[in-house]
Every structure is written in C-alpha cells, then in structure tokens.
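# Breakdown of the fold
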Amino acid sequence: MAGIDEGPEFGKGDFVLLDEISEDMFMQNLKLRFQKGKIYTYIGEVVVSVNPYRTVDIYGQDVVENYKGREIYERPPHIFAIADAAYKTMRRRAQDTCIVISGESGAGKTEASKVIMRYMAAITHASGQNEINRVKNILIQSNALLEAFGNAKTTRNDNSSRFGKYMDINFDFKGDPIGGHINNYLLEKSRVIRQQDGERNFHSFYQLLSGGTDQQLAALKLERNPDKYHYVNQGNSVKNDQNMVGTINDRKDFKTVQEAMRDMQFSPDECKTVWATVASIMHLGAIIFDSEDSEQCFVKNPEDLSTITELLQVQKEDLEKALCSRVVAARGEVMEKGHTSEQAEFGRDAFAKAIYDRLFSWIVSKVNEAIEVRGSNLKHGKSTLIGVLDIYGFEIFDNNSFEQFCINYCNEKLQQLFIELVLKQEQEEYEREGIEWQSIEYFNNRIICDLVEENHKGIIAILDEACLNVGKVTDEMFLDAMNKKLTKHPHYTSRALQPTDKSLVHSQDFRIRHYAGDVT
C-alpha cells in the first residue's frame, strides 16, 4: 500500500489505514510524518500536503522516473503520483481530467501547481520535436510572468497568488503537450491602491524599481526608492541585509520576467508599454486634488499629470477631465458633473485598479497566444486535456474586503465539491453495494453557500437589490437589509443581532461563520 519504502516509524502513508478514525489521530499521524520529513500523505486518491516552508529535494529527475507510469499506491505518497494518475487516466480512457488544488492561504498551492506542470513536461517524450519543446518551455515560463503581475507578499506568504487560475494543458493522441489555455479570475485589484501592514503590492512594482536600469527608470520618471510612492509603500515591508524582503529577490526576478517575456514573443514595444503602464500607476498614486468650491476640483500637481499622460500616451486634457468629473445620464439627458476632492480620489483609485486589471488580463491573453493549440496539431487523432485549478486560499484578514468575501465563497464552493465527490458519493456507493460500514458524520457546507448565493435571500441577492434602490445607497442600508432578512441564519451575525459582541462595530461589521473560520 501507500507505506511501501516507508517503515512504521513514518506513521501511516494513507489516513484510510489509521486504526482509529478521529481528528486527534489524524493530526497526530500528520505531525509524525511531517517531523520525519514526509510532507505528503494520502486519503485514498486525495493527497494532503503540508508546506515545509523550505526547499526540499524530492522533485528531481530521479524521483520523476520513480513515479512515471506507476500506480498510485506503488510508491510513497507524492504529488507526482496524483499528476501521473491524472495523466494515465487521460491517456487510457481518452478523457479530459482535472486536478483541483485547494487549501488556506500559504498552504503551498501555487508551488504545487508548478510542480505538476514540471512533472507533465518531464514525463512526456519530446522525440526531437521543436514544437513540443516550445510548448513545454512556455508552460513553465508563464509561471514567472503571471506570478510577477498576479502575486504579492502577504503576512502569511511571500509569494501569495492574488488571482484565481485555471489552466488547461492540451495533449495530442500520443500524450505529448501541444498547447494550453489559462483562465484568470478574481484578481485582487484593491491591492493596487492599498496594502495592510507587513504586506506589499504586486511584485511587478518592486521588480521594476529594483531591477530596471538607470536609463529605464529615468525614462519612466521613477526613483529606486519604493517609499516615495503611495501605492507601494503602505505595507512598510522592510528589506534585510541582502536588500531582499523575506525570500523575495526583486532584482533577480525582474531579469527572469524579462526573459519570460522574450520567450513568449513580447515585442520590445510591448515590453516597454507594460512597464510604462506599471510606472503610470505609481505616478497616479501621487496625484493630489484641491477645490475652490464644493462643485469642482482640480489637479494640484499638474507636473505628475503630465508624466502620466506621457506614459499612457493620452491627452492631458482628457485625463484631467476623466479624473475631475463624471458623466451622468438621467431621463434621457447626459450631463457632465464635477467631482469633489474626495470623489476624485475615489475615482483616481478606481482608475488605477482598472488599468492594472486590464494590463493583467492582456498579459494572460499574450500567454494564451503563445501556448494556443496550433491547427496542425489537431489534424491527427483525438486531443485531450488536463485541467489544473489553482485558487486563492481561505483568508481571514484584519480588514476583509469584498474580494475576501468572494475568495472565501469560492473556497466554500470547492469544499462543497470535495464533499460531493469524496464523501457523499463514496458513502452512497457503499450503500448501493450493500457493504457494511460505519457512517461518518461530516458537515455539509451547503448552508453557507446558500447564505451567499440563494436567490432573493442570499447576500449577493440582497446586495443587488440594495444597488437598485433609487437615491443614495449606503453601506448601512445594505447592512440593515441583511439584518432583517438573515436574522435567524446560524452562520450570519452582526452587532445589531448580537448587541453584547463588542468585537463587531455598530452599523459597519457583519460576520460569516465559514467552514474554516469566522470572517468579519
């Protein structure tokens, strides 16, 4: 079984083999294996991984050969075994397969997805075909590019994915990779303008400031010091003696990103535009508004505005108009209305987030162009694919935004999928086959999913309804509507419903009791 090549001193390689099934025994076995250097353990065909937060030498070519073509229980627990099982299933049955990676923030999901991709590249036979080698290289290189623009340092993880990613890897009838496609979603746009203490903005900003040449920074009107830029200095992340933040080497990573862009056939003008866009966002954070009356504001530092217009290649008048006013449509009439200074600051931040979101989506589209399946590869035989889902981990921050709400909702849906596929279906199969067994009680989190998504009653439906109200809509109105409709829900509470809970702020906070913890 799973313990082959492992002695009893390493504990049980498969939790199914535990003599007693309990949470205490589960954690005891997991701890024993981790202390003995075993970071992987099976639960049937699911692998549990514990992040060692250090480099481990268990992914070399010799280990690849040890798992290649083997059945899942022939070797000790390893993520390679899961990747190989998915690959064999795809080839034997000519069916598409999918690997789902889930866990809380900092659990090692992004690294796991990279390990899976490297394994897929290593076990497929290139047989001297340049196209297959090209696809393999781009699949691996795309990680560096997407991490630079989509990952950031958080309090729990130096390289946390701040977006969801689903990647299809397409294979031809021989089982060789011929292309792929990436879908991205839920980019954490709020990080562009605001970071909590000890965290950073996306890596790309710091990589440009650390790795860009003096001539490049001069052309972008930038200085090397991140502390000078409001959008990237709020987390107060301190550099160490090696000029690094934690385990991050921005200068080295900048060179890696430049190489990845070249490999993915970014033109010199496109590379220049990418970094100019990143620089323009940093300059945008320096824009200050002032007003002579309550009806109209103006930009107080026009020299920074000129820099942004030069970098974005737009007209200065158009940019200032977009920042200082808005267009209102009412009763068939369209009119222009000036911003107050406060409204202009909100508009500036929204503009910065929208620019970065579009930049990231464009980068993903460029990666997809580079790895798309070419027509000639589809002419011979059936092509199949393996999907790899790498999603945000469950998160609980001091200040949880709408994005954390969406992230945790996605994790609830993944947990529901896991319950359906692993627990519910397995027990129903035992019942159909008449196997004697002891029913295991488990928490079905559908009630939490319904709290968010149920028509007319869920939080999203209540939010939609609040947004349709005529006149000024406030957060307090939305919170009041939830308090009325969700009063008796066991997984929702607020200060109005629990007046004695002083951890909740009146007319501001509400709390959802997720399967993985309470989030305010």
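The preceding data block contains the structure.
Now for a quick tour of the structure. (Residues numbered from 1 in each chain as written. Predicted model: local features only at pLDDT ≥ 70, side-chain atom pairs only at ≥ 80, totals over all residues. Heavy atoms only, no water.)

## Observations concerning the sheet that holds strand E15 (residues 517-519)
Spatially, three strands are ordered E13-E14-E15 in an open sheet, and the strand pairing comes out antiparallel. The sheet is open, and its two borders are formed by strand E13 (492-494) and E15, each paired with just one other strand. Looking at each pair of strands side by side, their axes are set apart by 25° on average, direction ignored. The sheet contact formed by E13 and strand E14 (residues 510-514) spans three bridges and is antiparallel. Looking across to E14, one finds that Tyr-492 is bridged to Ile-512. In this fold helix H16 (residues 475-485) packs onto E13 and E14, with an angle of close to 130° to the strand it touches most, E13. (Pairing = 2+ DSSP bridges. Helix = DSSP H or I, 4+ residues; strand = E, 2+ residues; numbered from the N terminus. Axes fitted to C-alpha atoms, helices over the stretch in contact; angles between N-to-C directions. Contact = heavy atoms within 4.5 Å.)

## A look at the nonpolar core
Among the nonpolar cores identified, the biggest contains 88 residues, and Leu-145, Phe-149 and Leu-208 are the most heavily contacted of them. A total of eleven residues in this core trace back to one element, the largest contributor, which is helix H12 (residues 341-371). Excluding its chain neighbours within four sequence positions, the residues that come into contact with Leu-208 are Gln-216, Leu-217, Leu-220, Leu-222, Phe-254, Trp-275, Val-278, Ala-279 and Met-282. Counting residues in each nonpolar core, the second largest holds 15 residues, with Phe-405, Ala-466, Met-482 and Ile-512 among its members. (Core = buried A, V, L, I, M, F, W, Y, C linked by side-chain atoms within 4.5 Å. Buried < 20%, exposed > 50% of the residue type's maximum accessible area, 1.4 Å probe, protein only.)

## Notes on the pattern of salt bridges
Tallied over the entire structure, the rule returns 22 salt bridges. Among the salt bridges present, the one from Asp-214 reaches Arg-224, with a minimum N-O distance of 2.9 Å. One end of the pair, Asp-214, is in helix H7 (residues 214-219); the other, Arg-224, is in the loop between H7 and helix H8 (250-263), with ten residues separating them in the sequence. Residue classification places Asp-214 among the exposed residues on the basis of a relative accessible area of 55%. The salt bridge involving Glu-270 is made with Lys-366; its shortest N-O contact spans 3.2 Å. Here Glu-270 is found in helix H9 (residues 268-284), whereas its partner Lys-366 is found in helix H12, with 96 residues between them in sequence. (Salt bridge = Lys/Arg side-chain N within 4 Å of Asp/Glu carboxyl O.)

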